[in-house]
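Topology and contacts: notes
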Amino acid sequence: MTTPSLPAIPMPPLPALPDSGFRLSKEHLVVAVPVAVVAAVGGFLVSHYLSGRSCKKGLVNTSISKDSPKVVHSFDMEDIGTKAVYCRCWKSKKFPYCDGAHTKHNEETGDNVGPLIIKKKDA
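Residues numbered from 1 in each chain as written. Predicted model: local features only at pLDDT ≥ 70, side-chain atom pairs only at ≥ 80, totals over all residues. Heavy atoms only, no water.

**Considering helix α2 (residues 101-109)**
Spelled out, the test is: In this scheme, a residue with accessible area under 20% of its type's maximum is buried, one over 50% is exposed, and one in between is partly exposed, where area comes from a 1.4 Å probe on protein chains only. Under the DSSP-based scheme used, a helix requires at least four consecutive residues in state H or I and a strand at least two consecutive residues in state E, with every element numbered from the N terminus. By definition, the arc is the one covered by directions from the helix axis to the C-beta atoms. The contact definition used throughout considers only heavy atoms, calling two residues in contact when any of these lie within 4.5 Å.
Regarding α2, the residues found buried are H102, H105, N106 and T109. Down the axis, α2 shows its buried residues gathered within 100° of arc, on one side only. The exposed set on the far side of α2, more than 90 degrees from its buried face, consists of K104 and E107. Elements that come into contact with the buried residues of α2 comprise β3 (113-119). Backbone geometry just downstream of α2 places G110 in the positive-phi region, at approximately 80°.

**Quick word on the side chain of S92**
The condition that has to hold: N or O atoms closer than or at 3.5 Å make up a polar contact, with two conditions inside protein: a donor-capable atom paired with an acceptor-capable one, and, for residues adjacent in sequence, both atoms drawn from side chains.
Mapped onto the fold, S92 is located in the loop between β2 (83-86) and α2. With a relative accessible area of 10%, S92 lands in the buried category. In terms of polar contacts, S92 uses its side chain to reach the backbone amide nitrogen of K94, at 3.0 Å. Sequence-distant contacts of S92, defined by excluding residues within four places in its chain, comprise C87, Y97, C98, D99 and A101.

**Looking at a nonpolar patch on the surface**
As a reminder of what qualifies: Only residues whose relative accessible area exceeds 30% and that form no salt bridge enter a patch; like-charged residues are grouped when within 9 Å of one another, and nonpolar side chains (Val, Leu, Ile, Met, Phe, Trp, Tyr) when within 5 Å. Per-residue accessibility takes into account occlusion by the displayed protein chains alone, with areas from the Shrake-Rupley method and a 1.4 Å probe. For salt bridges, the criterion is a side-chain nitrogen of Lys or Arg within 4 Å of an Asp or Glu carboxyl oxygen.
Side chains of F22, L24, L29, V33, V37, V41, F44 and L45 sit close together on the surface and give an oily, nonpolar patch of about 800 Å² of accessible area. Relative to the helices and strands, V33 resides in helix α1 (residues 26-53).

**Some words on the pairing of β3**
How we decide: When DSSP finds two or more bridges between two strands, those strands count as paired.
Within β3, 5 of the 7 residues are buried, which leaves the element mostly enclosed by the surrounding structure. Pairing between β2 and β3: 4 bridges, direction antiparallel. In the sheet register, Y86 faces β3, and the bridge partner there is L116.

**Points about unusual backbone geometry**
Working note: non-glycine residues mostly have negative phi, and peptide bonds are mostly trans. Going from F95 to P96, the amide bond is cis rather than trans, its omega being 15°. Structurally, P96 is set in the loop between β2 and α2. The phi dihedral of W90 is positive, around 65°, even though this residue is not glycine. Looking at W90, the relative accessible area reads 65%, which means it is exposed.

**Examining the environment of D111**
By the secondary structure assignment, D111 is in the loop between α2 and β3. Through-space distance from the C-alpha of D111 to that of V71 is 9.6 Å; in sequence the pair is 40 residues apart. Here the side chain of D111 touches K66 through a polar contact of 3.2 Å, side chain to side chain.

**Quick notes on the environment of T82**
By the secondary structure assignment, T82 is in the loop between β1 (71-76) and β2. Ignoring anything within four residues of it in the chain, the contact list for T82 reads I118, K119 and K120.

**What to know about the side chain of N112**
Structurally, the position occupied by N112 is in the loop between α2 and β3. By relative accessible area, N112 is classed as buried at 2%. Within the local environment of N112, its side chain forms a polar contact with the backbone oxygen of S68, the two atoms lying 2.8 Å apart. Ignoring any residue separated from it by four or fewer positions in sequence, one finds N112 in contact with N61, I64, S65, K66, S68, P69, K70, V71 and N106.

Shown next as structure tokens:
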């Protein structure tokens, strides 16, 4: 049993596209492709560099004793009461005095900032 063949349908002619005058030759591609690759890699590297420069949620301390869980400096002073604790994180509600706000800041950011403690020297 043979299947009947379909009659050939003539295709309408394709309309001619206007000539824009723009032609890419092999020489153009030899220059354009490396330029495009260098531009893409350069753009990626610049964006990667710029995103790496931004800090985690507002780090205050960027370089002092980063291997310590909390940086605390203590000074003996003769002219104060027994002890004064000053804020260094700029988050205290009692600024310039420390209210412990650095604890939450450190947990949220991975920072290690702590208060400045000034105390009177024991006699």
